[in-house]
Amino acid sequence: MVDTQNDKVSQLVALCKRRGIVFQNSEIYGGISGFYDYGPVGSQMKRNWKNLWWHDNIETRLDVLGIDGTIITHPKVWQASGHVKNFADAMVECKKCHKRFRPDLLDDPKKCPECSGTFTKPKKYNILFETDIGVIEGEKTHAYLRGEACQNIYLNFKNVVDSTRIKIPFGIAQIGKAFRNEINPKNFLYRTREFEQWDIQYFVKSEDMDKWYEYWKQNRLTWYQKFFNHQDSLRFRQHQKDELAFYAKKAFDIEYHTPWGWAEMEGIHWRADYDLSQHSRFSGQDLSYLDPTDNSKYIPHIVECSGGVDRSFFYLLLDAYTKEKLENGQTRTLLKLHPQVSAYKMAIFPLATNKPELVSLAKKIFQKLSASYPVDWDDSSNIGKKYRRQDEIGTPWCLVVDFQTLDDNTVTIRHRDSMKQERLKIDQVDSWLQKKLN
Ligand code: ATP
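Rules and cut-offs
Residues numbered from 1 in each chain as written. Predicted model: local features only at pLDDT ≥ 70, side-chain atom pairs only at ≥ 80, totals over all residues. Heavy atoms only, no water. Patch = residues over 30% accessible without salt bridge, like charges linked within 9 Å, V, L, I, M, F, W, Y side chains within 5 Å. Areas by Shrake-Rupley, 256 points an atom, 1.4 Å probe, with all protein chains shown as cover. Salt bridge = Lys/Arg side-chain N within 4 Å of Asp/Glu carboxyl O. Helix = DSSP H or I, 4+ residues; strand = E, 2+ residues; numbered from the N terminus. Buried < 20%, exposed > 50% of the residue type's maximum accessible area, 1.4 Å probe, protein only. Near = heavy atom within 4 Å. Polar contact = N/O pair within 3.5 Å; in protein donor to acceptor, adjacent residues only side chain to side chain. Nonpolar A, V, L, I, M, F, W, Y, C, P; charged D, E, K, R; others polar. Phe/Tyr/Trp six-rings, centres within 6.5 Å; stacked < 30°, edge-to-face > 60°. Core = buried A, V, L, I, M, F, W, Y, C linked by side-chain atoms within 4.5 Å. Contact = heavy atoms within 4.5 Å. Pairing = 2+ DSSP bridges. Axes fitted to C-alpha atoms, helices over the stretch in contact; angles between N-to-C directions. Domains from an automatic or database assignment. Buried area = accessible area lost by both parts, 1.4 Å probe.

(A) A nonpolar patch on the surface, seen in detail. There is a patch of nonpolar side chains on the surface, built from Leu-351, Phe-403 and Leu-406 and spanning about 250 Å² of accessible area. Relative to the helices and strands, Leu-351 is located in the loop between strand E19 (346-350) and helix H10 (356-370). On the basis of relative accessible area, Leu-351 is assigned to the partly exposed category, the value being 35%.

Here it is as structure tokens:
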């Protein structure tokens with residue numbers, strides 16, 4: 001299910017399983033392609049990643065409001081959006097083994113990579129997941145799992161304006177699941193069939209589109225740059241003329257340099273008035289905006305920033321994944337994650353587990369810190385193994401209660417990246433950590 005061709009990817013996938021970050025879904029049944037579960041460590045990391053986005057784009061801005069919409073909507077939504085008609089990938093089928101492939105992703109578009117058979121002509125397959133609403137046969141309504149999360153934003157545009165009186169320019173943002181029956185799910189969390197997206201739809205006057213487009217394009221790249229170690233692994237890619245939707249003046253992707261080449265992380269799209277006009281037309285409701293500044297009435301234009309939560313999280317892990325040769329000849333594996341993304345901000349250990357004084361003092365410190373931060377506790381095995389585990393899940397600092405602690409109330413703080421150690425008074429740890437995290 002995972003592309004094991006790639007060394008770094010397969011090593012990271014193994015680490016994710018070993019340390020409870022991400023698991024193959026339904027693994028005990030042999031797995032199911034394109035679906036993954038987050039484990040105890042990964043679910044905490046992913047939650048942090050989403051909280052950072054929510055905090056920076058919604059909580060700290062007066063002009064962007066959050067919503068949380070459903071996965072199933074009125075089926076007409078997907079007719080209006082064009083997904084029922086156009087959300088299709090062209091595929092070829094091998095005449096010998098009958099497996100299907102996207103021709104644009106094949107190394108050799110003439111021969112089947114599985115059995116060297118030849119292909120049929122490309123045919124289009126819709127990738128919306130379908131379902132039914134209702135329980136009585138004959139009375140069920142055919143519906144879709146949303147193929148992109150952003151449609152709920154357009155559906156609630158009028159509700160948000162009416163309930164909040166927010167004025168243009170403003171944005172509506174959302175994080176939520178999307179479902180695509182991808183033909184070739186691949187590369188771990190990169191292309192899956194169930195994933196989360198984060199969207200900002202920013203509504204502006206048509207004459208202000210250029211200004212706001214450039215603003216969001218830069219804003220989103222700068223945001224990602226804060227969390228990635230390798231800045232040269234992030235770039236913009238401008239869409240060619242033939243890739244542009246008919247209403248788009250321009251489009252850029254923010255891309256990450258993956259082990260299999262540059263790949264999309266987030267799209268910055270010029271949506272013009274397409275989405276609200278379509279929904280006005282299909283629903284028969286007037287979705288225009290009455291501008292209180294000059295009493296003009298118009299359908300707002302939209303700058304869209306649409307990114308993948310799981311995909312960008314995977315890129316973060318790839319960016320953080322580091323192997324280092326130590327002086328003793330051994331290799332150390334670590335995730336150099338931004339502390340705000342790490343599952344635990346600190347891990348607390350007693351140096352020796354058979355010394356009750358050390359264990360109980362360490363427990364006390366754990367209890368105090370865990371009230372304010374996610375912290376980990378480990379009183380198993382030897383200190384080297386404890387450090388190794390924390391390095392592999394990207395915990396930025398470890399705190400060790402040792403024999404000196406009993407004499408002078410200081411503890412050892414060990415830094416993940418440099419492995420340097422320093423001593424701190426127990427009652428200074430809280431403020432030290434707070435400072436580090438800010
Ligand atoms: P791609 O060309 O890679 O399939 P897309 O252009 O279809 O992506 P959008 O529809 O613009 O993607 O969706 C916005 C974001 O959602 C993408 O930038 C990506 O991060 C994420 N995304 C899209 N499809 C998937 C998928 N199958 N699995 C994981 N993330 C996805």
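Following the structure, the description resumes.
(B) Highlighting the site of the ligand. Around the ligand sit 16 residues, and of these Glu-182, Arg-191, Thr-192, Glu-264 and Met-265 come closest. The separation between a nitrogen atom of the ligand and a polar side-chain atom of Glu-182 is 2.8 Å. Considering the ligand on its own, with 590 Å² of exposed area, one finds that the protein chains cover 83% of that surface. For the shell around the ligand, the secondary-structure elements that each account for two or more residues are strand E10 (194-204), strand E13 (261-272) and strand E16 (301-308). If you tally residues by element for the shell around the ligand, the top one is E13, at four residues. Looking at the shell around the ligand residue by residue, the classes come out as four nonpolar, six polar and six charged.

(C) Spotlight on the packing of aromatic side chains. Counted by the stated rule, this structure contains 36 aromatic pairs. Seen in terms of ring centroids, Trp-53 and Trp-198 are 5.5 Å apart; in terms of plane orientation they differ by 5°. Their pairing is stacked. Residue Trp-53 is found in helix H2 (residues 40-59), and its partner Trp-198 is found in strand E10; the two are separated by 145 residues along the sequence. Between Phe-129 and Phe-179, the ring centres sit 6.4 Å apart and the planes meet at 85°, which makes this aromatic pair edge-to-face.

(D) Broad picture of the nonpolar core. In terms of nonpolar packing, the biggest core is built from 63 residues, with Ile-21, Met-45, Trp-49, Tyr-224, Leu-317 and Leu-335 touching the most fellow members. What Leu-335 contacts, discounting residues up to four positions off in sequence, is Leu-12, Leu-15, Ile-21, Met-45, Leu-317, Ala-320, Tyr-321, Asp-391, Glu-392, Ile-393, Gly-394 and Arg-416. Ranked by size, the runner-up nonpolar core spans 23 residues in total, among them Ile-348, Leu-361, Tyr-373 and Trp-377.

(E) Local environment of unusual backbone geometry. In this structure, Pro-169 follows Ile-168 across a cis peptide bond, with omega equal to 5°. Structurally, the position occupied by Pro-169 is in the loop between helix H6 (157-164) and strand E9 (170-179). A positive phi angle is found at Ala-272, which is not glycine, with a value near 50°. Take Ala-272: it is sitting in strand E13.

(F) Representation of the sheet that holds strand E23 (residues 421-425) within the structure. Taken together, the five strands give an open sheet; going across it, the order is E20-E19-E21-E22-E23, and neighbouring strands pair in mixed fashion. Every interior strand has two partners, whereas the edge strands, strand E20 (375-377) and E23, have only one. Averaged over all neighbouring strand pairs, the angle between strand axes comes to 30°, with direction disregarded. Pairing analysis gives five bridges linking E19 to strand E21 (residues 397-401), with the strands arranged parallel. Its bridge partner being in E21, Ile-348 is matched across the sheet by Leu-399. This element, helix H13 (residues 429-437), spans E19, E21, strand E22 (410-415) and E23 of the sheet and lies at about 170° to E21.

(G) Representation of the sheet that holds strand E6 (residues 123-126). The antiparallel open sheet is built from three strands, whose spatial order is E5-E4-E6. Either end of the sheet is taken by a strand with one partner, and the two such strands are strand E5 (100-101) and E6. Of the pairings in the sheet, the one linking strand E4 (residues 88-93) to E5 comprises two bridges and is antiparallel in character. Bridge pairing links Glu-93 to Arg-100 in E5.

(H) Highlighting the domain arrangement of the protein chain. The domain architecture assigned to the protein chain consists of domain 1 (7-87 + 127-318) and domain 2 (344-437). With centres defined by C-alpha atoms, the gap from domain 1 to domain 2 works out at 39 Å. Domain 1 puts eight residues into the contact, and the matching count from domain 2 is seven residues. Here domain 1 packs against domain 2, burying approximately 630 Å² in sum over the two surfaces, 52% of which is carbon and sulfur. Three residues, Arg-19, Val-41 and Gln-44, lead the burial of domain 1 against domain 2; their summed loss comes to 62% of the area buried on that side. The interface formed by domain 1 and domain 2 holds two salt bridges in total. The salt bridge partner of Glu-392 is Arg-19, with a shortest N-O separation of 2.8 Å. Counting only elements with at least two residues in the side of domain 1 that touches domain 2, the list comes to helix H1 (7-18) and H2. Class assignment for the residues of the side of domain 1 that touches domain 2 results in four nonpolar, two polar and two charged.

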